[in-house]
Amino acid sequence: MATWSPLTNKIRESKDNSGNRWYKITRITPHCWVGQVSIENGLDYFATTSRQVSSNYIIGADGRVGGCVREEYRAWTSSSRDNDNRAITIECASDTKSPYAFKTAVYNKLILLCADICKRYGKKKLLWISDKSKALSYNPKSDEMLLTVHRWFASTDCPGSWLMSRMGDLANQVTALLQGDTPSDTYVVSTSGNALRLRAEPTTSSKQVGYINNGTIISTDKVVKGQSIGGVDTWAYYHGGYASGKYLSPTPKVTEPTPTPEPEPHPEPTPPTPVPTGKKYRCTCTKGVNIRSGAGVGYSKVGAVNYGQVVTIYTQKNGWGNLTISGNRWVCMKYFKAV
């Protein structure tokens, strides 16, 4: 039986593959498809071209996923027999000019697809080692998956400088999803079809009362019959109906920009108070840090800071730092280092 990710929306297999792999799957290699291709056009190209090229998956410009070469087979993608025997390869729709940027829907689906692949193969961590020689000589542990890139094996810019600058972020976000630590309370609908049914009750035998389109990001009012989203018997209540948590995946972390405060008015002739300049700090927590509405864990979450991100701290109290002059966005300072 062919192996495909449950995130796959359409399958059309290419004849351009080498059959069963020689090695276990220990790598993921994302590529850029120059041009905002749809999965229909991409799958059609791989099925009919004489160039002898293919990939395991295609992520189209709208964020949908196409299956081209089943996971147990080696695709012809990366100009390296050794790499493609170890890697699941993913072509991602991109702009036609350097830096070959991805649309947000494509990058977010790449994160979710990588997390799904890692999870199904028992991996708890996705690694990015930027040094080619160190990466290719590294032997991943049993719970690790390694990212590799096409430019290491051929004279090509693939996957483009846009994605190359985000490979560390990709690894960190996938790892956070695998380890169940994300400050996001929203989920993306990920089904093999076009939509997810909403049921009157949290059971598949209950009548349908609506639907949610595949790829839609939702926030849930409550979770029932389980401990967390993703369980087989877990259901999320949304807009008057219940959605199966089996087809909901946590969204990637999104860092909210620090708002620019409005200057406080001062009566004349008092001169305006100088705006504090603050001090720069870098986030050292690989899992990311929640932003809260007050200086303490009891306050509500209003955003997140990603690993490695540099922020400005204006004031501090009781081990918490304020990201704004007005004082309504706070982070725990033990996860930050001055730069």
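Described in the following lines is the structure provided in the data block. (Residues numbered from 1 in each chain as written. Predicted model: local features only at pLDDT ≥ 70, side-chain atom pairs only at ≥ 80, totals over all residues. Heavy atoms only, no water.)

## Points about the sheet that holds strand E21 (residues 310-313)
Spatially, E21-E18-E25 is the arrangement adopted by the three strands of the open sheet, whose pairing is antiparallel. The outermost strands of the open sheet, each flanked by one partner alone, are E21 and strand E25 (336-338). In this sheet, adjacent strand axes meet at a mean angle of 40° when their direction is disregarded. Where strand E18 (residues 279-283) and E25 come together, three bridges link them in antiparallel fashion. (Pairing = 2+ DSSP bridges. Helix = DSSP H or I, 4+ residues; strand = E, 2+ residues; numbered from the N terminus. Axes fitted to C-alpha atoms, helices over the stretch in contact; angles between N-to-C directions.)

## A look at the packing of aromatic side chains
Applying the stated criterion across every chain yields a total of seven aromatic pairs. Each ring, one from Trp33 and one from Tyr45, has its centre 5.8 Å from the other, and the planes form 75°; the classification is edge-to-face. Here the residue Trp33 occupies a position in strand E3 (residues 27-34), and Tyr45 occupies one in helix H1 (residues 39-48), the gap between them amounting to twelve residues. According to the relative accessible area criterion, Trp33 is buried, its value standing at 16%. Classification of Tyr45 by relative accessible area gives partly exposed; the value is 30%. (Phe/Tyr/Trp six-rings, centres within 6.5 Å; stacked < 30°, edge-to-face > 60°. Buried < 20%, exposed > 50% of the residue type's maximum accessible area, 1.4 Å probe, protein only.)

## Considering helix H3 (residues 104-120)
Between its first and last C-alpha, H3 extends 24 Å over 17 residues, near the 24 Å set by a 1.5 Å rise per residue. Burial analysis of H3 places twelve of its 17 residues in the buried class, the great majority of the element. Val106, Tyr107, Lys109, Leu110, Ile111, Leu112, Leu113, Cys114, Ala115, Asp116, Ile117 and Cys118 are the residues of H3 that are buried. Looking one or two residues past H3, Gly122 carries a phi angle of roughly 75°, positive in sign. (Expected span 1.5 Å × (residues − 1).)

## Structural notes on the nonpolar core
Counting 40 residues, the largest nonpolar core has Ile28, Ile90, Leu110 and Leu126 as its most contacted members. When residues of this core are traced back to their parent elements, those giving at least two are E3, strand E4 (57-59), strand E7 (87-94), H3, strand E9 (144-147), helix H5 (160-164) and helix H6 (167-178). Here this core takes ten residues from H3, the largest share from any one element. Apart from the residues lying within four places of it in its own chain, the contact partners of Leu110 are Pro30, Ile59, Ile90, Cys92, Phe102, Leu163 and Leu170. (Core = buried A, V, L, I, M, F, W, Y, C linked by side-chain atoms within 4.5 Å. Contact = heavy atoms within 4.5 Å.)

## Details of the pattern of salt bridges
Close approach of charged atoms lets side chains of opposite charge pair. For the coordinates displayed, the defined rule picks out eight salt bridges. Here Glu40 and Arg64 are joined by a salt bridge, their closest N and O atoms 2.8 Å apart. With Glu40 in helix H1 and Arg64 in the loop between E4 and strand E5 (65-67), the pair connects residues that are 24 residues apart, well separated along the chain. Residue classification places Glu40 among the partly exposed positions, given a relative accessible area of 29%. (Salt bridge = Lys/Arg side-chain N within 4 Å of Asp/Glu carboxyl O.)

Just geometry here; none of it tells us what the structure is for.
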